[in-house]
Amino acid sequence: MQIFNIVIAGVGGQGVLMASKVLSESALASGMDVKQNEVHGMAQRGGSVISFVRIGDQVSSPVVMPGTADLLISFEPLEALRYSHYLKPGGRLVYNKVTINPSTVAAGLAIYPADVEQQIDAVCTEALGIDALSIAREAGNGKAVNMVMVGTVMKQLPITEEVITAVVKQLSQGKGREVNLKALAGGAAA
Amino acid sequence: MKKIISGNEAIALGFTDFGGVFASGYPGTPSTETLEEVARHGKVYCEWAPNEKVALESAIGASIAGGRTIATMKHVGVNVAADALMTLTQTGVNAGLILMVSDDPGMHSSQNEQDSRNYAKFAKVPMLDPSDSQEAYDFVKAGFEISEQFDTPLMLRTTTRISHAKGIVEQQEKIEPQIRDLDKNVPKYVMLPNFGRIKHAEIEERLLRLKEFAETSPLNRVELKDTELGIITCGVAYHHVKETYPNASILKLGMVHPLPENKIREFASKVDRLMIVEELDGIFEEQIRAMGINVDVGKDKISFCGEVNTDIIRSAAEDQPVATGTAPVEGLPQRPPVFCPSCAHRGLFTILSKLKVFVSGDIGCYTLGALPPMGAMHTCIDMGASISAAHGIAKVNEMAGGREKPVAVIGDSTFFHSGMTGLLSMAYNTGNALVIIMDNRTTGMTGGQENPGTGKTLQGLPARQVEIAPLVKALGIDNVVELDAYDLKATEAAIKKGLETPGPYVLIDKNPCILRYKIRKPAMTVETDKCTGCRACLRVACMALGLTGSGDKQTVRVDPNICNGCGVCTQMCKFDAMHELEGANNANL
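Each residue is numbered by its place in its chain's sequence as written, counting from 1. Chains carry letters from A onward and ligands carry numbers from 1 onward, assigned in written order. Only residues with pLDDT of at least 70 are given local features in this predicted model, and only at 80 or more are side-chain atom pairs given and counted; all residues enter the totals for whole chains, interfaces and linings. Side-chain numbers come from the whole structure's heavy atoms, not from hydrogens or water.

A few words now on the interface of chain A and chain B. Contact criterion: two residues are considered in contact whenever any of their non-hydrogen atoms come within 4.5 Å of each other. Facing 64 residues of chain A, the contacting portion of chain B comprises 57 residues. Note: buried area is the sum, over both parts, of the accessible area (probe 1.4 Å) each one loses when the two are combined. Interface area, chain A with chain B, both sides summed: about 5000 Å², of which 61% is carbon and sulfur. What makes a salt bridge here is a side-chain nitrogen of Lys or Arg within 4 Å of a carboxyl oxygen of Asp or Glu, nothing more. Seen at the junction of chain A and chain B, the total is three salt bridges. For A:Glu76, the salt bridge goes to B:Arg335, with nearest N and O atoms at 3.0 Å. For the purposes of these results, a polar contact is taken to be a pair of N or O atoms within 3.5 Å, where, inside protein, one atom must be able to donate a hydrogen and its partner to accept one; residues adjacent in sequence count only when each atom of the pair is a side-chain atom. Taken together, the connections running from chain A to chain B amount to 13 residue pairs in polar contact (both at pLDDT 80 or more). What counts as a helix is a DSSP run of H or I of at least four residues, what counts as a strand is a run of E of at least two, and both are numbered from the N terminus. Of all the secondary-structure elements, those providing two or more residues to the side of chain A that touches chain B are helix 1 (16-29), strand 2 (33-38), strand 3 (48-56), helix 2 (77-82), helix 3 (103-106), helix 4 (116-123) and helix 5 (132-139) of chain A. Residue polarity follows a fixed list, in which Ala, Val, Leu, Ile, Met, Phe, Trp, Tyr, Cys and Pro are nonpolar, Asp, Glu, Lys and Arg are charged, and the others, Gly among them, are polar. Taken together, the residues that form the side of chain A that touches chain B break down as 28 nonpolar, 24 polar and twelve charged. Where strand 2 of chain A meets strand 8 (residues 165-170) of chain B, two bridges bridge the pair, whose relative direction is antiparallel. Its bridge partner being in strand 8 of chain B, A:Asn37 is matched across the sheet by B:Ala165. Paired strands, as defined in this entry, are two strands with at least two bridges between them according to DSSP.

What follows covers the domain arrangement of chain B. Residue and element names in this part refer to chain B. Along its sequence, chain B is carved into domain 1 (2-216), domain 2 (220-317), domain 3 (344-510) and domain 4 (524-580). Of the residues lining the interface, nine residues belong to domain 3; the matching set on domain 4 comes to nine residues. Carbon and sulfur atoms make up 67% of the surface buried where domain 3 meets domain 4, a total of about 730 Å² over both sides. A per-residue breakdown of the area domain 3 buries against domain 4 is headed by Arg346, Tyr486 and Leu488, which together make up 64% of the total. Counting the contacts that link domain 3 with domain 4 gives zero salt bridges. If you look at where domain 3 meets domain 4, you find four residue pairs in polar contact (both at pLDDT 80 or more). Mapped by element, the contributors of at least two residues to the side of domain 3 that touches domain 4 are helix 14 (344-355) and helix 18 (488-500). In terms of residue count, helix 14 provides more of the side of domain 3 that touches domain 4 than any other element does, three residues in total. Tallied by class, residues from the side of domain 3 that touches domain 4 come to four nonpolar, two polar and three charged. Domain ranges listed in this record stem from an automatic or a database domain assignment.

Right, let's get into the packing of helix 1 (residues 7-17) of chain B against helix 6 (residues 133-150) of chain B. All names here are of chain B. Between helix 1 and helix 6, the shortest axis-to-axis distance is 8 Å and the interhelical angle comes to 35°. Here helix 1 and helix 6 pass one another in a crossing that is right-handed. Of the residues in helix 6, those in contact with Gly7, Ala10, Ile11, Leu13, Gly14, Phe15 and Asp17 of helix 1 are Ser133, Ala136, Tyr137, Val140 and Phe144. A per-class count over the contact of helix 1 with helix 6 returns eight nonpolar, three polar and one charged. Axis lines are fitted through C-alpha atoms, for helices just across the contact stretch, and the angle between N-to-C directions can take any value from 0 to 180 degrees. Should the near helix be turned anticlockwise from the far one by less than a right angle, the crossing is left-handed, and should it be turned clockwise, the crossing is right-handed.

We now examine the sheet that holds strand 18 (residues 505-509) of chain B. All names here are of chain B. Strand order in the open sheet formed by five strands is 14-15-16-18-17, and the pairing between neighbours is parallel. Two strands lie at the open edges of the sheet, namely strand 14 (359-360) and strand 17 (479-483), each paired on one side alone. Both strand 16 (residues 434-438) and strand 18 contribute to a ladder of five bridges, which runs parallel. Each bridged residue has a counterpart across the sheet, and for Met438 the counterpart in strand 18 is Asp509. Here helix 14 sits on the sheet and contacts strand 14, strand 15 (407-411), strand 16, strand 17 and strand 18; the angle it forms with strand 16, its principal contact strand, is near 160°.

This is the structure we're talking about:
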């Protein structure tokens, strides 16, 4: 199998790393080789975060290069646009339409592009925007945006929904398990 | 069993599986998770030291007492521990000792990008450089064996793309920990000049034996394929090379110091073109050129700065400009890291920015106070430098005359690490700076680790909790005053008092880290008809705030999903437009 390149982008604190973990554990459970890589240093909330997941028979480099991603999952519209150049021609983009102001905008130093969704459509013909926050809230917790996003892209991955669901079940505990599974299903139905 | 784990987790697992008994370190990206993972296993003793020198020295003691040991730190941490390292190389070890160091090419979260391979060369110790999680795990075993066989500390080097990248790891058979006899050996461990001279000769001889080992060790592997292009590489760059040229011949160095000269010579003789792909410094290249071997592609084509990737390798090998691929969308607002909503640092830097004082900064979350719109930090050099540099600034300011007292800002963990000695100097040498200690009871920027102020050890056991105020007084500071950085007026008054009072003056803010201690408060809201759009509140640089509307009718909006109710922005409002939001369901971040 050809290597399937996934880029996950978002804002620090949104659960990008947990989503990456679900995808890479699912690939391992499916008997595939996988490398996952994110850059995280500062623990603060609010910075731009990007993570790579590469799935295939044999994967060498942990890094996805611009222009090679099969799938870009973004938890925030501006971040979708920021990393859209990672997509290969014909690559798919799934993003959460709920915006989060960067500190530069919050401080009045920059303006959040009002036409962010149109700009996304202009750079990617295969873009799908969803309101992941509402779906996560319906599932019981606004923090489950990450599981909603995983649910939304499940059908586009070289991994079965059953494996992903089992991994989410395994990785979450207590009350969070029910919420995460609901969020996953809610995302899949979006 | 196969697991998918990061390089840091793999090293922790290797330490637990291969007989490790004592682990110490200081948090530093990208090394931090290693010790946290050892603690999570719960099988082996581990601890956070107040700094890297203490960590390495404690590991030295553990080794002398007969237990396999690891000290973990980031690249700049080795600078702190270097005093110990440079003599440890002479004493050697009893049980195996690994110094794990994590480099950060590309400076994802560091103040410089020094290449730790220089330290291996400098200290004349062997260094292993894994290329993925499996090797990170395996190299711990090899590392202990080499350390014990050659009576030497061993450096295990990772980079960010090893420490934080996850790959599949298959566990090997475990080795039960064995504690050797305590090594009481005066000529070996007491480095008086007489003994040191003997030891220096021994380490030169040891290096020759290590070179022989490197020639035959499977750690250095030749993959002979198409001989048109031969590439010598190490670490994650090996995988980038494989990705770029799956058919090229490769000499993959798992042991990056000392180098296997004969193996390199033989490899070079078999390939038409020799290329060296190494991140950061040209350490292989320098040595290989000094062997008289011709290098066709190296640092003339691959930058000394940052990481390498497939595009860079291809462009260097084929002498083409680096492929640009699809370009990023231009003109988007940047999204730099920022103080968390309701972080106490925000109040402090709002006032420091307003007062336009010179702020000597330090390493921690508060370094973000240097970014716009605050711009209220004017130095950040290394751990602890805020206080010592402020002392030097104050002395010269006095000579220059007519200048204001400088302000130093430092966090609790950094203060314990190496701020205390600077403050001791300030007290001793009749200094004149205002020192603000933001004691949020955690090591924040690396993700909230325990430290001597938190009352808990790395393994979660109750610990003696040091209070900073008595400590500061004991160092010789008379003026020690508590601060509440959420109260802007009081903070401004306290800082002004500290600036006006001659001599060293210390303010201590004890508000806990909201992220570490999961503090939640109801969100704020703006009464739009009262908001004049003056933007005074935006100066606090909180991501929960933003402008809404257009043209002259722009007003501020608080995002209730993000606001955590600290109320610092409301104190900036002169029109009483900001209030607590009733029934707020806040903080989704």
